[in-house]
Amino acid sequence: MVYVYSNFAYMIITLAVAVTIIITTLHYIVIGASKVPLRANNQVIQRFSLAERVLHWIRMLSFIIVSASGTYLIFREGGKNIGMLHSINGILFLAMSLTILILWYKQYTFTEYDRDWLRYLGGYLSKEHGSHPAGKFNAGQKIFFWLTMVFTGILSITGSILMKSKISQVSVNESVLAVHGISAVFVIVLVMGHVYLSLVANPGTWRVLVSGKVTKEWVDYHHPRWGIDSKKSKIKI
Ligand code: HEM
């Protein structure tokens, strides 16, 4: 793995991004987008609070900068400034991820009906789509959340080892670099899938990041158990 990454890192990232674009495009052509888009009118249910939206925006922007600068460093031996930009945004991304983890991890704990959602992959492989059991977040979103947290941990540990070796002028440990790079590619692919699902396959869902509100029709279709769960735990939605 170390040999392959050291010599073909630029190929690995290019291939991973290209394959993800091909798969999502094919999905859009063959299966298509959700039939229940989130329209602008009747947005009466609060899905994301202001804090959730602000933290997501900072996490999202720091991720874009950290992955763009990281990719630049793969293709060109970067100058000090790009390295610095990469490290600062990496730390910001870690700080946002930890805050989100501490504040909201409970929303991402698995429940029994998540199994049913997973059995049909939420209908994402069928043209009919159909509504499948999901609370505030479906099983796919929960898996995505936990994977991003695990990989943020791996990236932060390996990243800080690499940063230390740069500062103390010790030669970069190739195996740490390989783990860092391959984990980064994995997270980039995951986030590309997340962006496809939130912007393209589920039209209008971007509104959650702006107003934080959704329509009842959208909730009934995508997260039918959300209201039921909230009543049980006496959380207002
Ligand atoms: C890069 C552009 C991004 C866009 C356009 C985007 C868009 C969105 C949208 C629209 C939602 C609301 C989905 C819903 O209410 O069901 C959402 C939720 C979420 N986003 Fe992002 N996001 C981006 C980047 C990221 C990144 C980098 C991460 C973390 C690595 C992330 C993690 C999450 C999580 C954990 C949620 C809640 C669960 C989920 O919907 O999967 N997002 N995002």
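Residues numbered from 1 in each chain as written. Predicted model: local features only at pLDDT ≥ 70, side-chain atom pairs only at ≥ 80, totals over all residues. Heavy atoms only, no water.

A. Spotlight on the coordination of the iron atom of the ligand. Surrounding the iron atom of the ligand are the protein donor atoms His 56 (NE2) and His 194 (NE2), at 2.0 to 2.1 Å. Taken together, the six donor atoms coordinating the iron atom of the ligand span angles of 85 to 178° at the metal, a pattern that classifies the geometry as octahedral. With His 56 in helix α2 (residues 50-75) and His 194 in helix α6 (residues 174-201), the pair connects residues that are 138 residues apart, well separated along the chain. Given the relative accessible area of 29%, His 194 is considered partly exposed. (Donors = N, O, S within 2.8 Å, 3.2 Å for Na, K, Ca; no water. Tetrahedral: all angles 85-135°; square planar, octahedral: opposite > 155°, others 65-115°. Helix = DSSP H or I, 4+ residues; strand = E, 2+ residues; numbered from the N terminus. Buried < 20%, exposed > 50% of the residue type's maximum accessible area, 1.4 Å probe, protein only.)

B. The arrangement of the site of the ligand in detail. Every one of the 23 residues lining the ligand counts as a neighbour, but Arg 47, His 56, Tyr 108, Gln 141 and His 194 are closest to it. Between Arg 47 and the ligand, the recorded distance is 2.6 Å, taken from a side-chain N or O atom to an oxygen atom. At 2.8 Å from a nitrogen atom of the ligand is found a side-chain nitrogen or oxygen belonging to His 194. For the shell around the ligand, the elements supplying multiple residues, two or more each, are α2, α5 (139-167), α6 and α7 (207-210). The greatest single-element share of the shell around the ligand, amounting to five residues, is contributed by α6. Taken together, the residues of the shell around the ligand sort by class into 15 nonpolar, six polar and two charged. (Near = heavy atom within 4 Å. Polar contact = N/O pair within 3.5 Å; in protein donor to acceptor, adjacent residues only side chain to side chain. Nonpolar A, V, L, I, M, F, W, Y, C, P; charged D, E, K, R; others polar.)

C. Representation of the packing of helix α1 (residues 2-30) against α6 in the model. Look at α1 against α6: their axes get within 10 Å of each other, and the N-to-C directions meet at 10°. By the criterion of interaxial angle, the relationship of α1 to α6 is roughly parallel. Across the interface between the two elements, Val 2, Tyr 5, Ser 6, Ile 12, Ile 13, Ala 16, Val 17, Thr 20, Ile 21, Thr 24, His 27 and Tyr 28 from α1 touch Glu 174, Ser 175, Leu 177, Ala 178, Gly 181, Ile 182, Val 185, Ile 188, Val 189, Met 192, Tyr 196 and Val 200 from α6. Here the residues of the contact of α1 with α6 sort into 17 nonpolar, six polar and one charged. (Axes fitted to C-alpha atoms, helices over the stretch in contact; angles between N-to-C directions. Parallel < 35°, antiparallel > 145°, perpendicular 65-115°, else oblique. Contact = heavy atoms within 4.5 Å.)

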